[in-house]
Amino acid sequence: MNIYITTGTYDYLLKIKEKYPNEKMVLMQNPEHALLVHETEGKTVFTTPRHYKLAATAGDLGDGIFFIFTHLPIPDEGKPVYEFNFKKNTPVIEHKPGFAAFRLLRPVKGDTYIAVTGWKDEDSFGRWKRSIDYLLVHSLDLTDIGTNKSTYNAPAFTKEYVVPQDKEAS
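Think of each chain on its own: its residues are numbered from 1, step by step along the sequence as written. Predicted model: local features are reported for residues with pLDDT of at least 70 only, side-chain atom pairs are reported and counted for 80 or more only, and whole-chain, interface and lining totals are derived from all residues. Side-chain numbers come from the whole structure's heavy atoms, not from hydrogens or water.

### So, the environment of His33
Here a strand is any run of E in DSSP of at least two residues, a helix any run of H or I of at least four, and the numbering for each starts at the N terminus. With respect to the helices and strands, His33 occurs in the loop between strand E2 (24-29) and strand E3 (34-40). Think of it in three bands: with a 1.4 Å probe and only protein chains considered, a residue is buried below 20% of the maximum accessible area for its type, exposed above 50%, and partly exposed in between. On the accessibility criterion, His33 (24% relative accessible area) is partly exposed. Along the chain, His33 and Gly8 lie 25 residues apart, while their C-alpha atoms are 6.4 Å from each other. For this analysis, residues touch if any pair of their heavy atoms sits within 4.5 Å. Sequence-distant contacts of His33, defined by excluding residues within four places in its chain, comprise Thr7, Gly8, Lys159 and Tyr161. Counted as a polar contact is a pair of N or O atoms within 3.5 Å, where, for protein atoms, one must be capable of donating a hydrogen and the other of accepting one, and residues adjacent in sequence contribute only when both atoms are in side chains. At 3.0 Å, the side chain of His33 forms a polar contact with the side chain of Tyr161.

Laid out in structure tokens, this is it:
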């Protein structure tokens with residue numbers, strides 16, 4: 001499965017999403033920008049996307065309202081161990097109240113993976129983050145991948161996004 005991400009203004013990306021109603025796309029935003037995520041077996045309709053392969057999956061992105069994107073630069077020699085650990089721990093999160101979706105995106109170019117979790121609301125994410133399971137999953141020591149190098153090429157960083165709700169529905 002291919003995952004493509006493009007950024008731009010919310011209104012511009014909304015027009016793209018509306019132009020292709022049969023494509024599986026999720027439009028979200030934060031105070032910095034908007035992004036459109038396109039999941040497809042084939043090619044994307046975007047002109048300049050970032051391209052990822054799906055390394056792990058659970059749930060449906062379309063069910064989420066609140067998303068966390070964790071950007072993780074991983075050296076080539078650490079990728080198999082990193083993916084193994086993520087796949088091993090995915091079942092822990094998918095049964096949590098308010099969980100909507102999980103994607104581990106493997107970069108086609110570059111070294112930065114993106115771990116995406118989608119939640120039905122921000123409170124559900126907050127409960128997950130305060131849970132003992134969260135602490136256990138995130139306490140894995142991923143610093144030794146057999147090469148005496150750090151697992152990460154650079155510091156990981158996280159961004160939050162929301163799927164704006166139709167104003168007429170509220």
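### Observations concerning the side chain of Arg103
In this fold, Arg103 is placed in strand E6 (residues 99-107). Engagement of the side chain of Arg103 in a polar contact is seen with the side chain of Thr57, the distance being 3.0 Å. A distance of 3.2 Å separates a polar atom in the side chain of Arg103 from the backbone oxygen of Gly59.

On their own, these measurements won't tell you what the molecule is for.
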